[in-house]
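# Analysis of the macromolecular model
Each chain, letter by letter, is given below.
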Amino acid sequence: MKLGVFIERDGVLNLVRIERQHQVSPLTLEEFHVKMDAVPLLKKLKAAGLTLIATTNQPGISRGYQNRREMDRMHELLRRLLPIDDIMVCPHDETDRCPCRKPQPGLLVEAAFKWKLDLDRSFVISDKWQDAEAARTAGCTSLLIESPWLGKVHRDFVLPDLGAIVDKILHLQTAGRAMVA
Ligand SMILES: [Zn+2]
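This report concerns the structure included in the present document. (Residues numbered from 1 in each chain as written. Predicted model: local features only at pLDDT ≥ 70, side-chain atom pairs only at ≥ 80, totals over all residues. Heavy atoms only, no water.)

Looking now at the pairing of strand 4 (residues 51-57). Most of strand 4 is tucked away: seven of the seven residues are buried. Bridge count for strand 1 (residues 4-8) against strand 4 is five bridges, and the pairing is parallel. In the sheet register, Gly 4 faces strand 4, and the bridge partner there is Thr 51. Relative to strand 5 (residues 86-90), strand 4 is paired through five bridges, and the arrangement is parallel. Bridge pairing in strand 5 places Ala 54 opposite Ile 87. (Buried < 20%, exposed > 50% of the residue type's maximum accessible area, 1.4 Å probe, protein only. Helix = DSSP H or I, 4+ residues; strand = E, 2+ residues; numbered from the N terminus. Pairing = 2+ DSSP bridges.)

Below, the structure written as C-alpha cells:
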C-alpha cells in the first residue's frame, strides 16, 4: 500500500482572506491565488513516492454561494500549478450531517480507498484543528503549521512552516521504512 499526504487546501495551498479572525475561502478563479512557494516542497514529497491529496470543506456549495463550476476552474488551476494527485471536496453544510465534513475523517477514508493508501502510515498537513482531528480519527500522523486556528485537539507535530513539515515527513518516512526493513 502507498502512503498519502493529505493537505488542507485553504491557507496551505492557496491564500485566504482573514475576516473577524476567520479564514474566508476564495469563491472565484480571480480570487484564487495559489501559493507558488509550495511547488518545490510538494515536488520533494512526490519524489519520495508519496501520493498527494488536497482536501477542502466547501460548505458554500451546499449553502449556495460557491458556484460548483467556478470551484472546478479553481481546482483545474491548482492541479496545473501543483504536483497533486487528487482534490477531495466536502460540499456540505454542518446541518447536512455528512461523514466527510472535516473534522470528520470521510474525505481521508474515501481517498484511501480510491488510491489504496495506508492511513496508519499517512500524513495530514494543515493550519487548522479540524484536520488534526480528522487525522486522529483516521489514524494518520498530523503536522500543523503554527496559526491562530490550531485549537486544543490532539496533534502530532506543530512546526513553523510548510518547509519544516515536509522535512519532518521525509524524515519520519525514512525512519518508518528502516523500522519495517
Ligand atoms: Zn460532506
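Resuming the write-up.
What follows covers the coordination of the zinc ion. Coordination of the zinc ion by the protein comes from Cys 90 (SG), His 92 (ND1), Cys 98 (SG) and Cys 100 (SG), over a distance range of 2.0 to 2.3 Å. Read N to C, the donor residues that coordinate the zinc ion are spaced as C-x1-H-x5-C-x1-C. For the pair shown, Cys 90 and Cys 98 are each scored as buried. (Donors = N, O, S within 2.8 Å, 3.2 Å for Na, K, Ca; no water.)

Let's shift gears to the pairing of strand 6 (residues 123-126). Because side chains alternate across strand 6, one face comprises the buried residues Phe 123 and Ile 125, and the other comprises Val 124 and Ser 126, equally buried. Pairing analysis gives three bridges linking strand 1 to strand 6, with the strands arranged parallel. Looking across to strand 6, one finds that Val 5 is bridged to Phe 123. Across four bridges, strand 6 lies against strand 7 (residues 141-145) in parallel orientation. Bridge assignment links Phe 123 to a residue of strand 7, and that residue is Thr 141.

Interpretation in functional terms is not warranted from these geometric data alone.
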